[in-house]
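Structure at a glance
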Amino acid sequence: MKTALFIVATPIGNLGDITLRALETLRAADTIACEDTRHARRLLDRHGIRADLCAVHAHNEQAAAERLIGLLAAGKSVALISDAGTPAVSDPGARVVAAVRRAGFAVTPLPGPNAAIAALSAAGLDGPFYFAGFLPAKVGARRTAIDALKGIAATLAFYEAPHRVEATVADLAARLEPAREIVIARELTKLFEEIVRLPLPDAPAWLAADENRRRGEFVLLVSAPPPREGIDAEAERILTLLLAELPVKPATTLASEITGLSKNDLYRRALALKG
């Protein structure tokens with residue numbers, strides 16, 4: 001193998017969901033950097049892979065990056081995996097990748113399992129999506145983050161842990177438009193996999209109805225916001241910026257000239273934003 005850091009996606013549940021290239025790379029790597037060595041050993045033992053392991057987690061990323069750079073400098077090859085899915089996507093690894101790149105070494109991705117993409121493929125939601133990862137754990141910060149995402153004209157994709165899913169879904173239902181839908185996907189590729197799509201306002205009650213629905217690791221997908229009187233998210237962003245500096249009428253006129261949208265629609269929306 002060439003001297004490089006290989007970013008290897010591993011199964012999110014079913015251990016059979018691993019690519020041939022991933023197995024070849026893990027077998028050939030001089031060192032496998034992993035989030036939890038005990039968790040990684042279960043996957044490697046399943047496929048008869050013996051390798052030197054190096055722990056890379058949220059508390060040691062900087063030190064681990066220095067160690068891996070030392071291995072690369074010595075001509076070794078390193079594979080980076082996380083506990084599940086694609087490393088450095090809402091998992092440790094991004095700082096390691098950045099440090100390795102700064103040091104001048106190659107970084108090679110091996111695509112594979114990803115929980116958000118798996119959920120989206122089974123959701124039936126059209127259009128683009130915005131991956132937000134994990135929302136903040138603290139109530140105030142979480143609600144502020146949801147408010148900031150409200151105007152994005154795309155499906156919103158979140159990860160959530162079982163002990164926070166009720167509070168997160170309740171905040172999503174309370175702060176986003178009731179016309180939206182939510183897809184709740186839990187335990188993807190595992191024995192008790194469940195994917196449901198329902199109106200967002202109904203989601204808190206659905207979770208509360210059965211404690212089993214609150215178990216496992218979650219992907220939450222919230223459909224894009226409904227159209228607002230012909231004002232899309234970008235036009236609203238422009239209007240909001242103009243209103244911060246100008247009175248309603250000149251801000252509306254200028255926004256209409258920039259976007260080509262109806263001045264009357266923009267004026268009504270400007271009044272609503274001001275009010």
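Everything in this summary refers to the structure shown in the same document.

Quick notes on the rules
Residues numbered from 1 in each chain as written. Predicted model: local features only at pLDDT ≥ 70, side-chain atom pairs only at ≥ 80, totals over all residues. Heavy atoms only, no water. 1 Å grid on protein atoms, 1.4 Å probe; cavity = no way out; pocket = protein on both sides within 12 Å on 5 of 7 lines; lining within 4 Å. Points joined across faces, edges and corners; volume = space filled by probe spheres on them. Nonpolar A, V, L, I, M, F, W, Y, C, P; charged D, E, K, R; others polar. Buried < 20%, exposed > 50% of the residue type's maximum accessible area, 1.4 Å probe, protein only. Helix = DSSP H or I, 4+ residues; strand = E, 2+ residues; numbered from the N terminus. Arc of directions from axis to C-beta. Contact = heavy atoms within 4.5 Å. Pairing = 2+ DSSP bridges. Axes fitted to C-alpha atoms, helices over the stretch in contact; angles between N-to-C directions. Phe/Tyr/Trp six-rings, centres within 6.5 Å; stacked < 30°, edge-to-face > 60°.

The next thing to look at is empty space enclosed by the protein. Counted by the stated rule, this structure contains one cavity of 30 Å³ or more. Here the largest cavity is characterised by a volume of approximately 30 Å³. For the largest cavity, the full set of lining residues is A33, C34, E35, V56, L80, I81, S82 and P92. Of the residues belonging to the lining of the largest cavity, the class tally is six nonpolar, one polar and one charged.

Taken residue by residue, helix α9 (residues 233–243) has A235, E236, I238, L239, L242 and L243 as its buried positions. The arc that holds every buried residue of α9, seen down its axis, measures 160°, which confines them to one face. Turning to α9, the residues buried within the fold contact α10 (248–259) and α11 (263–274).

Turning next to the layout of surface pockets. One way to see where empty space is left: roll a probe the size of a water molecule over the atoms. Each pocket or cavity is described by its volume, and for the largest pocket that value is around 720 Å³. Lining the largest pocket are 32 residues; nearest its centre among them are I12, D83, A84, G85 and E217. Where the lining of the largest pocket is concerned, the elements lending two or more residues are α2 (37–46), β7 (155–160) and β10 (218–222). For the lining of the largest pocket, the element with the most residues is α2, which contributes four residues. Looking at the lining of the largest pocket residue by residue, the classes come out as 15 nonpolar, eight polar and nine charged.

Here we come to the sheet that holds strand β3 (residues 52–55). Sheet architecture is open: five strands sit in the order β3-β2-β4-β1-β5, paired in parallel fashion. Looking along the sheet, the strands with just one partner apiece sit at the ends: β3 and β5 (107–110). Neighbour-to-neighbour, the strand axes of this sheet turn through a mean angle of 25°, independent of strand direction. Packed on one face of the sheet, helix α1 (residues 20–28) meets β1 (5–8), β2 (31–34), β4 (78–80) and β5 and runs near 135° to β5.

With that settled, consider the environment of K263. If you trace the backbone, K263 turns up in helix α11. Between the C-alpha atom of K263 and that of P199, which follows or precedes it by 64 residues, the distance is 33 Å. Setting aside residues no more than four positions away along its own chain, K263 makes contact with T252, T253 and S256.

Position of R67 among the secondary structure elements: in helix α3 (residues 61–73). Overall, R67 belongs to the partly exposed group, its relative accessible area being 49%. Along the sequence, R67 and V96 sit 29 residues apart, while their C-alpha atoms lie 10.0 Å from each other.

Tallied over the entire structure, the rule returns two aromatic pairs. With centroids separated by 5.1 Å and ring planes inclined at 70°, the aromatic side chains of F131 and Y159 adopt a geometry described as edge-to-face. With F131 in strand β6 (residues 129–134) and Y159 in strand β7, this pair connects stretches of sequence that are 28 residues apart. A relative accessible area of 10% means that Y159 is categorised as buried. Taken together, a centroid distance of 5.8 Å and an interplanar angle of 65° make the contact between F134 and Y159 edge-to-face. Here F134 is found in strand β6, whereas its partner Y159 is found in strand β7, with 25 residues between them in sequence. You can call F134 partly exposed: its relative accessible area is 38%.

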